[in-house]
Every structure is written in C-alpha cells, then in structure tokens.
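Single-letter residue listing:
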Amino acid sequence: MRTISESRAFGGVQGVYAHPSQATGTEMTFGLFLPEGAEDGPVPVVWFLSGLTCTHENAMVKSGAQRWAAEAGVALVFPDTSPRGPGVADDPAFDLGQGAGFYVNATQKPWAPQFKMWDYVTDELPRLLFNAFPLAEEAQAIMGHSMGGHGALTIAMGFPGRFRSVSAFAPICNPTASDWGRKQFAAYLGADESLWAAHDATILMRKRGFDGPMLIDQGTSDQFLDLLKPEALAEAMAARRQGGSFRMQKGYDHSYFFVSTFMEEHMAFHARALFG
C-alpha cells in the first residue's frame, strides 16, 4: 500500500491510499478519514459507497462527512466504484464500465476478469484496512448514495451481523425492475435473472430484512426517481415491519447538495448505533 496524500482535517487525518488488488487485478484507490481518537486505539468505522461516475474522491470532498465523523469519533472509508486503468474493460455509456461497478462480481465477458467489486468491498479492502489501521472490526456501519446506496443496502442485508446500521441517500432500490439495473445486471451477471436477486434491495428486504436500524432519504425532485423506484423498497419495508425510517425530502434532487444537507443526521444515526 502506498500513501497518495494525508491532510489534517477536524483534528484527524484524511488520507488517500492505493494498493494492488487481487480481486480486480488492478491498483485500487480509497480514501480513509481517521478521527483524532484513532491515535489512542481502534475506532468504529462507517463505509461510504459512492454512485455512478464517482471515484473515491466525490463523497470525500463534497459530502462534508468528516466534520460529523470527527465529532462522533468514527472513521470513514471511501472506496472507489470500479477498477480502472489501461486494459480495464469500459463502455461509452456513463452507467456501465469504469465508474459503474454496481458492487457485484461480474461473470460475463469482458467484465468478469476485473469487475469483482463485491469481493473487493466486502472482503479484500476490509482485510487490508483492519490490518493496517486502528479500526474496530466489531463496530461497523455502512451507507451510500445512488448506486452506492444500492451497494450499501445489499451488502448490509447480505452480511447479517456485520453492520450495526445502514443508511442511504437516493438508493437504486429495485434494480431488477428498473432500466437502471436490468441493463447492468444483464451485462455483468448474464441473462439468468435468478442471479440478480441477491443484488436487489427490495427483494432482499422481502426475504430477510436487516438486523438493525435503517435510514433512507430520498428527494422528491430527484431527476432519477423513475429509475430508483423508492416506492418499491418503502412498501417492502412496511410489509416486513422493518425498523427504520424512509423519508421523502421535499424539493431535493439527486446531487451532493442533497447528500451534504442530511449528512449530519446520517452520521449521528450511525454514531448512536455504533456506540450503543
């Protein structure tokens, strides 16, 4: 692992690091904010998964999360959204290929050799981080925006007991029933739709739910509402009597202005779960 940068922020350190990845076969970059308390020992950690077209940098720079993480005494991890670089498969469209890994393990050509973002985010990167930094493995939470909200929800429900809380901003809620999902799942996972279900938050909610509190914020003026399908997940949560909140925020769109507006509340939500 090599250090790209380390900057003092809110009493802690915002770092950017790169490492060779066995999961993707490429170099991967991630951001990590460590609060001041990490100087004295392991601290709880919140994962932030970003959306389409993003790198590790978008949420790290635009969300304002470090201020609230420092106040709560938790670390923040900002993974990249896909493998990148020469020789990595790509597509001219913004919603497929580099910047659009969808947090799945691709099985189809040309994506399969390198697009293993499920394994990277759930296995390889956690092992690296818990070995290299003062992070408390037993105290984790996860959140995300858009495609990253989809990833946060499916990973949280896919690993019962790992995360104490999950939240999302404008997540892709029901990708198997949306043009934003069917295209990517067909490309990455093939035509067998039974293989798609493990990566659909609405289906997972109907089957198993999440073993902790959930918080989801969706803007009513989001330009992608028809693709996100928030009503499907809200109905599944209600039917299952899932503990949590699904909030429609009047007038907000899909941007990081929306994310940064409610970031303080999301970080406080996770801090309550992490510190009991």
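Definitions and limits used
- Residues numbered from 1 in each chain as written.
- Predicted model: local features only at pLDDT ≥ 70, side-chain atom pairs only at ≥ 80, totals over all residues.
- Heavy atoms only, no water.
- Pairing = 2+ DSSP bridges.
- Helix = DSSP H or I, 4+ residues; strand = E, 2+ residues; numbered from the N terminus.
- Axes fitted to C-alpha atoms, helices over the stretch in contact; angles between N-to-C directions.
- Contact = heavy atoms within 4.5 Å.
- Phe/Tyr/Trp six-rings, centres within 6.5 Å; stacked < 30°, edge-to-face > 60°.
- Buried < 20%, exposed > 50% of the residue type's maximum accessible area, 1.4 Å probe, protein only.

Our focus in this paragraph is the sheet that holds strand S3 (residues 27–34). Two modes of strand pairing occur in sheets, parallel and antiparallel, and in both the strands are linked by backbone hydrogen bonds. Overall, mixed pairing links the 9 strands, which are arranged S1-S2-S3-S5-S4-S6-S7-S8-S9 in an open sheet. Two strands bound the open sheet, and with one partner strand each, they are strand S1 (2–9) and strand S9 (244–249). This sheet shows a mean twist of 15 degrees between the axes of neighbouring strands, independent of strand direction. Pairing between strand S6 (residues 135–145) and strand S7 (residues 163–169): 5 bridges, direction parallel. Its bridge partner being in S7, Met 143 is matched across the sheet by Ser 167. With respect to the sheet, helix H3 (residues 117–132) is in contact with strand S2 (12–20), S3, strand S4 (43–49), strand S5 (75–79) and S6, its orientation differing from that of S3 by roughly 55 degrees.

What follows deals with the packing of aromatic side chains. Tallied over the full model, the rule gives 15 aromatic pairs. Taking 5.0 Å as the distance between ring centres and 70 degrees as the angle between the ring planes, the aromatic pair formed by Tyr 252 and Phe 262 counts as edge-to-face. Of this pair, Tyr 252 sits in the loop between S9 and helix H9 (256–275) while Phe 262 sits in helix H9, and the two are 10 residues apart along the sequence. On the accessibility criterion, Phe 262 (7% relative accessible area) is buried. Between Phe 258 and Phe 262, the aromatic rings sit 5.9 Å apart at their centres with planes inclined by 65 degrees, giving edge-to-face as the arrangement. Linking Phe 258 with Phe 262, this pair stays in helix H9, spanning 4 residues, or about one helical turn.

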